[in-house]
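Below are the chains, spelled out letter by letter.
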Amino acid sequence: AAAAPAPAAPAPAAPAPPTPAAAPRADGRVIATPYAKQLAKDLRVDLASVAGTGPNGRITASDVERTAKGGAAPAAAPAAAAPAAAAPSAAAAAPPAPAKAAAGTTVSELRGTTKPFTSLQGAVARNMNESLKVPEFRVTMSMETDKFDALYKRLKPHGVTMTALLAKAVGAALASHPVMFAACTPDGNGITYNERINVALAVAMPDGGLITPVLKDADKVDIYQLSRNWADLVKRARSKQLQPDEYNSGTFTISNLGMFGVDTFDAILPPGTAAIMAVGGSKPTVVATADGMIGVRKVMQVNITADHRIVYGADAAEFLQTLKAVVENPDQLLL
């Protein structure tokens, strides 16, 4: 609902409700909740034009609704500056209405309704049901990322992405653990060891569902080409132009929610694979250093979900040890 015009009383006497200020992300990326993406598509709103009020500039459904109605984002400027801004838009100077007052909006109208799956959502649902038939277990390990992050900062100006760098690290670690990118045979009586390390990475689609573009031969392709391949895959995934072999040929999967501030989570094993890795955010953490002192290091949590028919606890733990060594000493990824 549109906010009422600001009263004539002096600005300090009418402070705005404590709505978070909209702050664009410093890196220029557009990050939105899955529902906000769906809503933006339904309302034909360009997410690049929406100012997010969520954590780290994340776009919420309310932000999309406000933009669709032509409303301004909650102002971050002091109240004393409001009169000067009133000329271009009186609504921009008005205190924003509390979110709970948005009765009758698209978000409210969706409550109590049923919306059928898209074809992609239906495929994801079927795969999740298949996953329930597999006996899974999980192993978690913490890894320090200071050197990994420093390497990324060095390579970023050359077009290297964090996603490709992580996939390269995983590919290097998998090379020593063939069972981690193997598969149980359809009859459940054997193990098929795959020839190639094809790392699939989960990507949320704007209209709902997930797709897993595949970085093939992640252990062999150099980090620069891997980054170019990833940029091309994501671009074509968003426009639904991927060939089946580009999203269903993964032999190991990564799901990364670190960019949302998630510490740790469990991922569901894709059918036909041995393991999937869930990656949380890297955060400054107080740790005991090797010399027995207390220090602060950036640490991320990595969680493996594995098919217990072919992967045992020691297998997953040994793979994580190898990955930890790569992440904490990442210069080998440039060789």
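Structure: above.
So, here's what we can say about the structure. This structure is a prediction, so every number in the text was calculated from the model and none was measured.

On to the pattern of salt bridges, then. Tallied over the full model, the rule gives 14 salt bridges. Between Asp232 and Arg236 there is a salt bridge; the shortest N-O distance is 2.9 Å. With a gap of four residues between them, Asp232 and Arg236 both fall in helix H9 (residues 223-238), about one helical turn apart. Using a relative accessible area of 18% as the deciding quantity, one classes Arg236 as buried. Taking the shortest distance from any N to any O, the salt bridge between Asp263 and Lys283 comes out at 2.7 Å. Linking Asp263 in the loop between strand E8 (252-256) and strand E9 (275-279) with Lys283 in strand E10 (residues 283-288), this pair joins segments that are 20 residues apart in sequence. If you follow the salt bridges from partner to partner, you end up with Glu136, Arg138 and Asp266 in one network.

On to the nonpolar core. Core analysis: the biggest nonpolar cluster contains 56 residues, and Phe252, Ile304, Phe319 and Leu323 have the highest contact counts within it. Ranked by residue count, the leading element in this core is helix H8 (residues 162-174), at eight residues. Among residues more than four places away in sequence, those in contact with Ile304 are Phe137, Arg138, Val139, Met180, Phe252, Ala275, Ile276, Met277, Ala316, Phe319 and Leu320. Counting ten residues, the second-largest nonpolar core is a separate cluster that includes Ala40, Leu47, Ile59 and Val64.

Criteria and thresholds
- Residues numbered from 1 in each chain as written.
- Predicted model: local features only at pLDDT ≥ 70, side-chain atom pairs only at ≥ 80, totals over all residues.
- Heavy atoms only, no water.
- Salt bridge = Lys/Arg side-chain N within 4 Å of Asp/Glu carboxyl O.
- Helix = DSSP H or I, 4+ residues; strand = E, 2+ residues; numbered from the N terminus.
- Buried < 20%, exposed > 50% of the residue type's maximum accessible area, 1.4 Å probe, protein only.
- Core = buried A, V, L, I, M, F, W, Y, C linked by side-chain atoms within 4.5 Å.
- Contact = heavy atoms within 4.5 Å.

In short, the description is geometric, and any link to function would need to be established separately.
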